[in-house]
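Descriptive analysis of the structure
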Amino acid sequence: MQRWKQYGGLLGLFAAFLSAGYWGFTATGGALPWAKRSANALQRGVQEGGGSLVDFGRGIVVAGPIRKGGLMLEFGALVLVLVVLGIGLYVYVDRYGGFEDGERSPRYP
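Cut-offs and rules
Residues numbered from 1 in each chain as written. Predicted model: local features only at pLDDT ≥ 70, side-chain atom pairs only at ≥ 80, totals over all residues. Heavy atoms only, no water. Helix = DSSP H or I, 4+ residues; strand = E, 2+ residues; numbered from the N terminus. Areas by Shrake-Rupley, 256 points an atom, 1.4 Å probe, with all protein chains shown as cover. pLDDT = per-residue confidence, 0-100. Expected span 1.5 Å × (residues − 1). Patch = residues over 30% accessible without salt bridge, like charges linked within 9 Å, V, L, I, M, F, W, Y side chains within 5 Å. Salt bridge = Lys/Arg side-chain N within 4 Å of Asp/Glu carboxyl O. Buried < 20%, exposed > 50% of the residue type's maximum accessible area, 1.4 Å probe, protein only.

**Observations concerning the overall build of the protein**
- Helices and strands together make up the secondary structure of the protein, namely four helices and zero strands.
- Seen in sequence order, the protein has helices and strands lined up from the N terminus as α-α-α-α.
- Total accessible area computed for the protein in this model is approximately 10,200 Å², and 67% of it derives from carbon and sulfur atoms.

Take a look at the structure:
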């Protein structure tokens, strides 16, 4: 593929996603609803707050909104995916000698 086609396609994708993001931003009312929600969440957290930030006596330490919102299954799945990805990268680097450029032959001369 020619370089100008690659850059043109990349520029087209960038423009499409930029316009979709702008449309979504304006369709939802912009940043104002997020600012109001953020302020309410901060104020509610200050009012309900208390206790230590990290308490190892309770077992697994998970943020309150995740625990109270019923998102423990999703949180556990995300942690599992990240652990599997980390172990996979460790095995890859150990088995194939890492990512050093000096030992590998160039893919595209």
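**Overview of the confidence of the model for the protein**
- With 64% of its residues at a pLDDT of 70 or more, the protein has an overall mean of 76.
- No element of the protein has a lower mean pLDDT than helix 3 (residues 64–68), which averages 68, and none a higher one than helix 1 (residues 3–27), which averages 89.

**Points about helix 1**
- The terminal C-alpha atoms of helix 1, which comprises 25 residues, lie 36 Å apart, in line with the 36 Å expected from a rise of 1.5 Å per residue.
- Following helix 1 by one or two positions, glycine 29 has its phi on the positive side, about 95°.

**Looking at a nonpolar patch on the surface**
- Taken together, the side chains of Val79, Val83, Ile87, Tyr90 and Val91 make up a nonpolar region of the molecular surface, amounting to roughly 460 Å² of accessible area.
- For valine 91, a relative accessible area of 37% corresponds to the partly exposed category.

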